[in-house]
Amino acid sequence: MKKTLIITISLIFAMGMHAQNAEQARKILDKTAATVSNKGGASASFTMNGKYGNTSGTINIKGNKFCAYTPQAIIWYDGKTQWTYNKSADEVNVSTPTQAQQQSLNPYTFINLYKNGFNMSSKAVGGGSNQVHLTAQNQKSGIQEMYITIDKNYHPTQVKMRTSKGWSTISISNFKAKKLSDAAFKFNAKAYPNAEIIDLR
């Protein structure tokens, strides 16, 4: 009886600690989302390694819109449609990306994802930074697991993501608030008059 009581108390304590940790993780992500979600927009540099390839470049974001520039391609996403300009082939693929595809190209997608469908926890990792761990409640989700490292200013510095294709890591630096027009997140055909447009939707 005494042993059962001790186990029960231990379980209740552990559940309470887990709930507190999840709440702390959510607060960190809430503050990060508020910092990153600058109404005018923002820009940053990034390096990506993993199943989706290895590349580096710059990215502009505004809400759920983004535009990424790499040596190989330029990608525009206006919140619904994505245009990917392949520089060497001079062609543009038009698509409607999945959640996982968006995350593989935009390290800030998590600011719109974490509020639903994920269990979360956090831990301090030194220098005033925290690492938030997200696991999908539905293992059939496009994004199954994420580790987000966030500095003391609530800027994400690394996003590590697991999909059915494996792990990808995106490192982020030089985050700056920036005023950007909505037109910056749409492909401008006039700027690429000779590009072949391939609609994959």
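Here is what the cut-offs are and how they apply
Residues numbered from 1 in each chain as written. Predicted model: local features only at pLDDT ≥ 70, side-chain atom pairs only at ≥ 80, totals over all residues. Heavy atoms only, no water. Helix = DSSP H or I, 4+ residues; strand = E, 2+ residues; numbered from the N terminus. Buried < 20%, exposed > 50% of the residue type's maximum accessible area, 1.4 Å probe, protein only. Contact = heavy atoms within 4.5 Å. Core = buried A, V, L, I, M, F, W, Y, C linked by side-chain atoms within 4.5 Å. Pairing = 2+ DSSP bridges. Axes fitted to C-alpha atoms, helices over the stretch in contact; angles between N-to-C directions. Salt bridge = Lys/Arg side-chain N within 4 Å of Asp/Glu carboxyl O. pLDDT = per-residue confidence, 0-100. Phe/Tyr/Trp six-rings, centres within 6.5 Å; stacked < 30°, edge-to-face > 60°. Lys NZ or Arg CZ within 6 Å of the ring centre and 35° of its normal.

### Thoughts on the side chain of Gln 131
Turning to its location among the elements, Gln 131 is positioned in strand S8 (residues 129-136). Residue class for Gln 131 comes out buried when judged on its relative accessible area of 19%. Those residues within four positions of Gln 131 in sequence are excluded, and the remaining contacts are Ser 121, Ser 122, Lys 123, Val 125, Tyr 147, Ile 148 and Thr 149.

### As for the nonpolar core
Counting 34 residues, the largest nonpolar core has Leu 29, Ile 59, Tyr 108, Leu 134, Met 146 and Ile 148 as the members making the most contacts within it. Residues within four places of Tyr 108 in sequence aside, it is in contact with Val 36, Ala 44, Ile 59, Ile 61, Pro 156, Ile 172 and Phe 175. Judged by nonpolar contacts, the second largest core, of 11 residues, contains Cys 67, Leu 180, Phe 185 and Phe 187.

### Examining the sheet that holds strand S9 (residues 145-150)
With mixed pairing, 12 strands are arranged side by side in an open sheet as S7-S8-S9-S10-S11-S1-S2-S3-S4-S5-S6-S12. The strands lining the two open edges of the sheet, one partner per strand, are strand S7 (118-126) and strand S12 (196-199). Ignoring strand direction, the axes of neighbouring strands in this sheet form an average angle of 20 degrees. One ladder, built from 6 bridges, connects strand S10 (residues 156-163) with strand S11 (residues 166-177); its direction is antiparallel. When the sheet's bridge partners are listed, Thr 163 is paired in S11 with Gly 166.

### Describing the pattern of salt bridges
Under the counting rule described, the total for this entry stands at 4 salt bridges. Between Asp 199 and Arg 201 there is a salt bridge, with its nearest N and O atoms 2.6 Å apart. Assessed through its relative accessible area of 45%, Asp 199 is described here as partly exposed.

### Details of the pairing of S9
Two faces, one strand: in a regular strand the side chains alternate between the faces of the sheet. Counting buried positions along S9 gives 5 out of 6 residues, so the element sits mostly inside the fold. Where S8 lies against S9, 6 bridges are found, and the strand directions are antiparallel. Its bridge partner lying in S9, His 133 is registered against Tyr 147. Strand direction decides the pairing type here: S9 and S10, joined by 6 bridges, are antiparallel. Considered in S10, the bridge of Glu 145 is made with Arg 162.

### Concerning the confidence of the model for the chain
As a general rule, the predicted coordinates of low-pLDDT regions are not to be interpreted in detail. Of the residues in the chain, 88% reach a pLDDT of 70 or more, and the chain-wide mean stands at 83. Note on residues 8-19: pLDDT is under 50 here. Beyond four places in sequence and across chains, it has 0 contacts.

### Focus: the packing of aromatic side chains
Applying the stated criterion across every chain, the model contains 6 aromatic pairs. Ring geometry for Trp 76 and Tyr 192: centres 5.8 Å apart, planes at 70 degrees, overall edge-to-face. Separated by 116 residues along the polypeptide, Trp 76 in strand S4 (residues 73-77) and Tyr 192 in the loop between S11 and S12 bring together distant segments of the chain. Here Tyr 192 falls in the partly exposed class, since its relative accessible area comes to 22%. Through a chain of ring-to-ring contacts, the aromatic side chains of Trp 76, Tyr 85, Phe 187 and Tyr 192 assemble into a single cluster. Taking the ring centre of Trp 167 as reference, the NZ or CZ of Lys 160 above it sits at 5.1 Å.

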